[in-house]
Amino acid sequence: MTKRNVIGIDGGGTSTRVLLMDEDGNELTRYEGGPALSDAPGSPVDLDAIEMAVTQAFHAARLQLPAAALCAGLAGVGRELQRRSVGAALSARGIAKHVEVITDAEAAFFDAFENGHGILLIAGTGSIALGRAEDGRIARAGGWGTLLGDEGSSYDIGLQALRAAAQAADGRVGERQLLPRLLADLELVSPDDLIYWAAGAAKSEIAALAIPVVELAEAGDPQANAIIGGAVAALLSHVAALLARLGPWKAAPGCALAGGLIEPGGPLRANLSAALADHECLVLDQHVDAARGAARRALTGR
């Protein structure tokens, strides 16, 4: 008898990650395709990119579509109407018999806690925290997007670096290593060139500037250290807000850290874990995988 296979998707502005799982919870194959979303605010989900990634994953596993169920965790689908619309469009593609669309953060939370309680903090290109109390109450902190939020994210760090470099060029702050490092990395001739580069830069390009900021901070640069310190404080505030809103807790809840900045091995994980030691939560030593969470959710049907 053919086993019931399901699809988990983690889709955002960088890539579309697909995980195939059988009915016993075994991982069959993974595939990473192009972005499911563009950098432009309000852009529609790229259904072609999702279908292509799913098709390639099934081809690699030598399986035939449709899958029994698909759960797509997608960035930027926080509104129920949008989730229903994308779900209906994916269903029409015939790649799965049952389709559910949730946010990528919800998929990651399911991987970390399934239907249990705890707090998940994500800090990658953007930032958001999700929490579920012991009594089932759910709350979110952050996730307001680049204009209203994303504090402590790679994008926020990159933006702060560009502003600090401009201030250094003016002489408003002491000249350090940040301005010359950004000019060198971006292959720009003068500080004025930052204006035109930033105006045309994609969100992912600005977020990539977090790498030199982290490196300079590790080398002791004061400007970079201030930016990183501010990012850690901003991320800490996300967790602190959920601890307060979802309390009281009978026991310290688990806190899972995900996203390139704070996942195991991430450049801000040690600093953030140390800061969280003063709060009533337990940092979990685990890798959170949104594609796996989506596949598990597709398998369980909830």
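Residues numbered from 1 in each chain as written. Predicted model: local features only at pLDDT ≥ 70, side-chain atom pairs only at ≥ 80, totals over all residues. Heavy atoms only, no water.

A. Molecular detail of the pairing of strand 9 (residues 254–258). Across the five residues of strand 9, five count as buried, placing the element largely inside the fold. Burial along strand 9 is two-sided: G254, A256 and A258 and C255 and L257, pointing in opposite directions, are all buried. As defined by bridge partners, strand 6 (residues 118–123) adjoins strand 9 across four bridges and the pair is classed as parallel. Bridged to L121 within strand 9 is L257. In terms of strand pairing, strand 9 meets strand 10 (residues 282–283) through two bridges, oriented parallel. Across the sheet, G254 pairs through a bridge with L282, a residue of strand 10. One crossover worth recording links strand 9 to the parallel strand 10 by way of helix 11 (residues 269–276), and it is right-handed. (Buried < 20%, exposed > 50% of the residue type's maximum accessible area, 1.4 Å probe, protein only. Helix = DSSP H or I, 4+ residues; strand = E, 2+ residues; numbered from the N terminus. Pairing = 2+ DSSP bridges. Right-handed = clockwise from strand over helix to strand, strands pointing away.)

B. Region of the structure containing the pattern of salt bridges. Per the counting criterion, the structure on display carries 16 salt bridges. E100 is the partner of R297 in a salt bridge, and the nearest nitrogen-oxygen pair spans 2.7 Å. Pair noted here: R297 is in helix 12 (residues 290–300) and E100 is in strand 5 (residues 96–103), with a separation of 197 residues, a long-range link. Where E215 meets R181, a salt bridge forms, and the shortest distance between an N and an O atom there is 2.5 Å. With E215 in helix 9 (residues 210–218) and R181 in helix 6 (residues 178–185), this pair connects stretches of sequence that are 34 residues apart. Relative accessible area serves as the criterion here: at 23%, R181 is assigned to the partly exposed category. Connected via shared salt-bridge partners are D10, R17, E27, R30 and D289. (Salt bridge = Lys/Arg side-chain N within 4 Å of Asp/Glu carboxyl O.)

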